[in-house]
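# Inside the fold
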Amino acid sequence: DVKVTQSSRYLVKRTGEKVFLECVQDMDHENMFWYRQDPGLGLRLIYFSYDVKMKEKGDIPEGYSVSREKKERFSLILESASTNQTSMYLCASSRRATNQPQHFGDGTRLSIL
Amino acid sequence: AQTVTQSQPEMSVQEAETVTLSCTYDTSENNYYLFWYKQPPSRQMILVIRQEAYKQQNATENRFSVNFQKAAKSFSLKISDSQLGDTAMYFCAFMKGGGATNKLIFGTGTLLAVQP
């Protein structure tokens, strides 16, 4: 089975801090994704990566950056955390071939105080 | 741009009954895929079922089946013999075909509660 592991289930940070959310997958997937999930808004794509060191902006990239130095690891960075970034963050991965489903991690519930 | 609409924020069903969750989408593409994902409370999101747009036959997975109406751009999920473990948030999602990035566009979700 595909395993997508997010480093923390719950995280509390302060406004202005630099925050790192880590995601690791063990199935050699080319594609990796970061979403945020908010009530009534569903999942919104922040960034995705289709290869090492490659990244593309999703629908809501403002205030975030990403890093993919190794194929199995995709990091989401909040450069200067703000209270409106309090949310559930989901990481996913998939094979590059078309129509392949995404596999999700457990999510990180991030609170910015 | 593609959009996915789930018009039922919450639904409730009695155990062993059948329930249908609605999903409509808007696209000008002809090659695409549709998915239903399930997110149980405090647990991982998992794939329930997928449908290729070029297939006329509706997909089924055990108690889960879809009613895919391509002309109407409708993709509803039917859950038969509902079980307590079916309690979850359900998301409908769209994927454009022909590419390799496999980006998904999600609806806002339907929270399904199965009552004993």
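Quick summary incoming for the structure in this document.

## Digging into the overall build of chain B
Along chain B, the regular secondary structure elements total zero helices and 12 strands. Its C-alpha atoms give chain B a radius of gyration of 14 Å, near enough to 13 Å, the size a compact globule of 116 residues would have. Across its three principal axes, chain B shows a C-alpha extent of roughly 45 × 30 × 20 Å. The burial tally for chain B puts 44% of its 116 residues in the buried class. Sequence separation of at least 24 residues holds for 56% of the intrachain contacts in chain B that already meet a minimum separation of 6. If the 10 positive side-chain charges of chain B are averaged to one point and the 9 negative ones to another, these points end up 9 Å apart.

## Remarks on the pairing of strand β7 (residues 64-70) of chain A
Where β7 of chain A lies against strand β8 (residues 73-78) of chain A, five bridges are found, and the strand directions are antiparallel. Of the residues in β8 of chain A, the one forming a bridge with Ser67 of chain A is Ser75 of chain A.

## Digging into the state of the cysteines
Overall, the coordinates contain two disulfides over all chains when judged by the stated rule. Shown here is the disulfide that connects Cys23 of chain A with Cys91 of chain A, its sulfur atoms set 1.9 Å apart. Taking the torsion about the sulfur-sulfur bond, which here is approximately -80 degrees, the covalent link between Cys23 of chain A and Cys91 of chain A counts as left-handed. Separated by 68 residues along the polypeptide, Cys23 of chain A in strand β3 (residues 19-25) and Cys91 of chain A in strand β9 (residues 87-94) bring together distant segments of the chain. As far as burial versus exposure is concerned, Cys23 of chain A and Cys91 of chain A are alike and both buried. The disulfide bridge from Cys23 of chain B ends at Cys92 of chain B, spanning 2.0 Å between sulfur atoms. Between Cys23 of chain B and Cys92 of chain B the disulfide shows an S-S torsion of about -65 degrees. By sign, it is left-handed. Of this pair, Cys23 of chain B sits in the loop between β3 (19-21) and β4 (24-26) while Cys92 of chain B is found in strand β10 (residues 88-96), placing the two residues 69 residues apart along the sequence. Accessibility classification places Cys23 of chain B together with Cys92 of chain B in one group, the buried group.

Conventions we followed
- Along every chain, residues carry numbers that run from 1 in the direction the sequence is written.
- Each chain is given a letter, starting from A, and each ligand a number, starting from 1, according to the order in which they appear as written.
- In view of the model being predicted, local features appear only for residues whose pLDDT reaches at least 70, and side-chain atom pairs are presented and counted only at 80 or more, with totals across whole chains, interfaces and linings using the full set of residues.
- As a rule here, side-chain values come from all non-hydrogen atoms in the structure, and water together with hydrogens is ignored.
- For helices the rule is a DSSP run of H or I covering at least 4 residues; for strands it is a run of E covering at least 2, with both sets numbered from the N terminus onward.
- Atoms counted for the radius of gyration: C-alpha only. Globule rule: 2.2 Å times residue count to the power 0.38.
- Remark: exposure states derive from per-residue accessible area (1.4 Å probe, protein chains only) relative to the maximum for the residue type, with buried under 20%, exposed over 50%, and partly exposed in between.
- Residues are treated as being in contact if the distance between any of their heavy atoms lies within 4.5 Å.
- His is not counted here, nor are the chain ends, while Lys and Arg score as positive and Asp and Glu score as negative.
- Where a charge lies is defined by one atom per residue type: Lys uses NZ, Arg uses CZ, Asp uses CG and Glu uses CD.
- The pairing criterion is simple: DSSP has to find at least two bridges between the two strands.
- Cysteine sulfur atoms that pair up within 2.5 Å are treated as a disulfide.

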